[in-house]
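# A structural walkthrough
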Amino acid sequence: MTEDSRADRRSPVGEPVVRSDPEVTGERAAEAVGFDPDDPESVAEAAETVARFAAGDVGDEDNVLMLRGAAACAALVRGVGSYKAAAECAGDGVSVAFIRKWARVHDLPQAIRRQVASGRIAPSAAKHVARLGGTDRYLLAWTVIDGDLTVREVRSVASAVNDGADIETAVRETGVDLGHIDLRLPLDTYMKLRRRASNRNAEPGTIAAEALDDYFAADGSE
């Protein structure tokens, strides 16, 4: 079974968790449409959505509708069992590559898709983030935001990593220092951080990293 033919979706499809969150999409949360791969009528609706999506009826500037199209691709693949069958179901002009590409965008972790829905990561950039796996896709996604990368730069980094480069080296080629982030702190917190770092002869980032590691360990939700 080839990569083009198998339906290897991992993320659940159905209720639009990200698109229906008003904290992410505001008033448009009420417009969110879900697709159930186990419901023939919903699969048919997904096929129609994919056909319109592939025809260009959804503009690149509408991140929420782009994510709806990605969800429709994912649901259609699962509903009919393969990328090839999904393309045939969607109709003429819809390629296997198109469906696979956008289904993988839907397969991105929720934390990344939230940034796509909010507009901080363009869907055209998300397509290239989705080419990576594991922590690399998180790191590239955050680099897109922190480094304000162009789609061309995102594509270049993804290609380099897929060709064997490590993510840090690939990102460095864009001029971005991976792991660097600017934070605005309340003045009292800022003063305490600076004082603690000075007393320990350490950089503020070291103290902040230790505190965040402790927080994440205690939180246990990651």
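What you see is a predicted model, and the numbers here were worked out from it, not measured in a lab. Position numbers for residues count from 1 along each chain, tracking the sequence in the order it is written. Residues qualify for local features only when their pLDDT is at least 70, as the model is predicted, and side-chain atom pairs are given and counted only at 80 or more; totals for whole chains, interfaces and linings, by contrast, use all residues. Values shown for side chains rest on all heavy atoms present in the structure; no hydrogens or waters enter the calculation.

### Side note on a negative patch on the surface
Patch rule: a residue counts if its relative accessible area is over 30% and it has no salt bridge; like charges are joined within 9 Å, and nonpolar side chains (Val, Leu, Ile, Met, Phe, Trp, Tyr) within 5 Å. With residues, only the protein chains shown are counted as cover, and all accessible areas are computed by Shrake-Rupley using a 1.4 Å probe. In the sections that follow, a salt bridge refers to a side-chain nitrogen of Lys or Arg positioned within 4 Å of a carboxyl oxygen of Asp or Glu. When charges are tallied, Lys and Arg are placed among the positive residues and Asp and Glu among the negative ones, while His and the ends of the chain are skipped. Where a charge lies is defined by one atom per residue type: Lys uses NZ, Arg uses CZ, Asp uses CG and Glu uses CD. A contiguous patch of negative charge, built from D36, D38, D39 and E41, is present on the exposed surface. Relative to the helices and strands, E41 is located in helix α2 (residues 40-54). The class of E41 is exposed, set by a relative accessible area of 66%. Only DSSP runs of H or I covering at least 4 residues are called helices, and only runs of E covering at least 2 are called strands; the numbering of each starts at the N terminus. In this scheme, a residue with accessible area under 20% of its type's maximum is buried, one over 50% is exposed, and one in between is partly exposed, where area comes from a 1.4 Å probe on protein chains only.

### Here's the deal with the nonpolar core
The nonpolar side chains of a soluble globular protein tend to be buried with one another. As used here, the term nonpolar core means buried Ala, Val, Leu, Ile, Met, Phe, Trp, Tyr and Cys residues forming a set that is joined through side-chain atoms within 4.5 Å. Ranked by size, the top nonpolar core spans 49 residues in total, and within it I99, I121 and L140 carry the most contacts. Considering every element that reaches this core, the biggest residue donor is helix α3 (residues 63-80), with 10 residues. In this analysis, two residues are considered to be in contact whenever any of their non-hydrogen atoms come within 4.5 Å of each other. Setting aside residues up to four positions removed in sequence, L140 forms contacts with H128, V129, L132, L149, V154, V157, A158 and I167.

### As for the pattern of salt bridges
Here the structure, examined in full by the defined rule, presents three salt bridges. For the salt bridge of R172 with E168, the shortest nitrogen-to-oxygen distance reads 3.8 Å. Note that R172 and E168 are positioned in helix α10 (residues 167-172) at a spacing of four residues, about one turn of the helix. Owing to a relative accessible area of 47%, R172 belongs among the partly exposed residues under this scheme. The salt bridge partner of R200 is E210, with a shortest N-O separation of 2.9 Å. One end of the pair, R200, is in the loop between α11 (187-199) and α12 (204-219); the other, E210, is in helix α12, with 10 residues separating them in the sequence.

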